[in-house]
Amino acid sequence: MAINHVRPWRNIYRRASRQISVGPVRIGGDAPISVQTMTNTITTDVAATLAQVQAAAEAGADIVRISTPDQASARALKEIVAESPVPIVADIHFHYRRAIEAAESGAACLRINPGNIGDAGRVREVIAAARDHGCSIRIGVNAGSLEKHLLEKYGEPCPDAMVESGLGHIRILQDHDFHEFKISVKASDVFMAAAAYQQLAEQTDAPIHLGITEAGGLTSGTVKSAIGLGNLLWMGIGDTLRVSLSADPVEEVKVGFEILKSLGLRHRGVNIISCPSCARQGFDVIATVEALEERLAHIHTPMSLSIIGCVVNGPGEALMTDVGFTGGGAGSGMVYLAGRQSHKMSNAQMIDHIVEQVERRAAEIEAADKAAE
Ligand code: SF4
């Protein structure tokens, strides 16, 4: 990550981790922190599952995970993988044959805990299948499904038990000379998850998959995830993440990106800076921002836009954004371009005009990036 000497308070020093691959997506090391989600369709309904994968990818998902509970699902995976624009992780619990079938179907990664799949022979077979088909593995420890012996040892789910579980699974993979793995230690409790991830980060150099599991609905889950994942990311911990919401997978992707954007760890699309509005607003800020979010969703180029109700904060915010609009009097406001006051625009035409300005600026940034390649 580039170190910001001018604004050192923005620097986040990422933990050094090994790099692995999930298909073409690199995880760990200096790779960008990737955003994942999971489908919630019936996997054998290939058309519905693919539609969800495509929508998630369009929203920015780098990787999508799909439950593979039975043989028919493992078979369906083959068709889904063939059409998917992003690598697919097969989510397996316990059943080693499903893992082998998913690897054969082209999954880029298997989410499976090697300590939970039975005897040494089965473990060997799964690892051999992963190796033969170029799959990585995600060890996924969850506070809600810890091994019995750890619950007996610790009395209840806790960070120590979660990390011990994770390190146990890691050892199994390492004993088989398999190192293409990442690991998560998720809990629905923010404190427990954060403590477990911090301990884990000190004890392995494997890339870390972050998540607050079963975080809740869109609003509560977003807040919980932003606090839990946000703090860990700020500490430099985390190489890939999934926000778990009882909501559409597209929302999970959007929230994941917003968390990364807030910390300057990744940039995608238009970052809208807008005021909450008050009696001073020169136009309807809330309705305008809602409309602009929708009209600008197709822009993937990272850039910033300030939409501010009045001159109290408008000119200051506009100084730091690519495009800005600040409400004024008599039904019009001021447009700012590249931080500079540019021209007046009527409130009535402002939304169309701002969309045009943002599209033009996005095209300029893209052309400059291309020229620099
Ligand atoms: S910028 Fe102006 S309109 Fe917006 S909240 Fe502040 S004072 Fe109110």
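What counts as what
- Residues numbered from 1 in each chain as written.
- Predicted model: local features only at pLDDT ≥ 70, side-chain atom pairs only at ≥ 80, totals over all residues.
- Heavy atoms only, no water.
- Axes fitted to C-alpha atoms, helices over the stretch in contact; angles between N-to-C directions.
- Helix = DSSP H or I, 4+ residues; strand = E, 2+ residues; numbered from the N terminus.
- Parallel < 35°, antiparallel > 145°, perpendicular 65-115°, else oblique.
- Left-handed = near helix turned anticlockwise from the far one by under 90°.
- Contact = heavy atoms within 4.5 Å.
- Nonpolar A, V, L, I, M, F, W, Y, C, P; charged D, E, K, R; others polar.
- Buried < 20%, exposed > 50% of the residue type's maximum accessible area, 1.4 Å probe, protein only.
- Lys, Arg positive; Asp, Glu negative; His and termini not counted.
- Salt bridge = Lys/Arg side-chain N within 4 Å of Asp/Glu carboxyl O.
- Pairing = 2+ DSSP bridges.

Participant: Which parts of the structure should I look at to understand the packing of helix H6 (residues 159–175) against helix H7 (residues 190–203)?
Facilitator: Between two packed helices, both the angle of their axes relative to each other and the distance between the axes serve to describe the pair. It is at 8 Å that the axes of H6 and H7 come closest, and there the two elements cross at 40 degrees. Classified by the angle between their axes, H6 and H7 sit oblique to one another. Between H6 and H7 the crossing geometry is right-handed. Contacts between H6 and H7 involve Pro159, Asp160, Met162, Val163 and Leu167 from the former and Met192, Ala195, Ala196, Gln199, Leu200 and Gln203 from the latter. Split by residue class, the contact of H6 with H7 holds eight nonpolar, two polar and one charged.

Participant: I tried to follow the side chain of lysine 182 on my own but got confused; where do I start?
Facilitator: Looking at where lysine 182 falls in the secondary structure, it is placed in strand E8 (residues 181–186). It is aspartate 91 that comes nearest to the buried, bridge-free lysine 182 among opposite-charge side chains, at 9.6 Å. Apart from residues no more than four positions distant in its own chain, lysine 182 is found in contact with Ile20, Val22, Ile27, Gln36, Cys109, Ile137, Arg138, Ile139, Pro207, His209 and Thr240.

Participant: For this particular structure, what's the right way to read the pairing of strand E15 (residues 340–346)?
Facilitator: Both faces of the sheet carry side chains from a regular strand, because those side chains alternate between them. Where strand E14 (residues 332–337) and E15 come together, six bridges link them in antiparallel fashion. Note that in E15 the partner of methionine 334 across the bridge is lysine 344. A loop of two residues connects E14 with E15, the two strands running antiparallel in sequence, and alanine 338 in this loop sits at a positive phi of about 50 degrees.

Participant: What am I meant to see in the pairing of strand E7 (residues 136–142) here?
Facilitator: Burial within E7 is extensive, with seven of its seven residues counted as buried. Neither face of E7 is exposed, since Ser136, Arg138, Gly140 and Asn142 on one face and Ile137, Ile139 and Val141 on the opposite face are all buried. Pairing of strand E6 (residues 109–111) with E7 involves three bridges; the strand directions are parallel. Bridging from a neighbouring strand, cysteine 109 pairs with serine 136 of E7. Bridge analysis of E7 against E8 gives six bridges, and the strand direction is parallel. By the bridge assignment for E8, isoleucine 137 is matched with phenylalanine 181.

Participant: I keep staring at the sheet that holds strand E11 (residues 270–274) and nothing clicks. Help me out?
Facilitator: The pairing of strands in a sheet comes from backbone hydrogen bonds and takes either a parallel or an antiparallel form. A sheet is described by the order of its strands in space; here five strands give the open sequence E11-E12-E13-E14-E15, paired in mixed fashion. Both outer strands of the open sheet, E11 and E15, are each paired with one neighbouring strand and no more. Between one strand axis and the next, the sheet turns through 20 degrees on average, direction left out of account.

As far as function goes, none of this settles anything; it's purely spatial.
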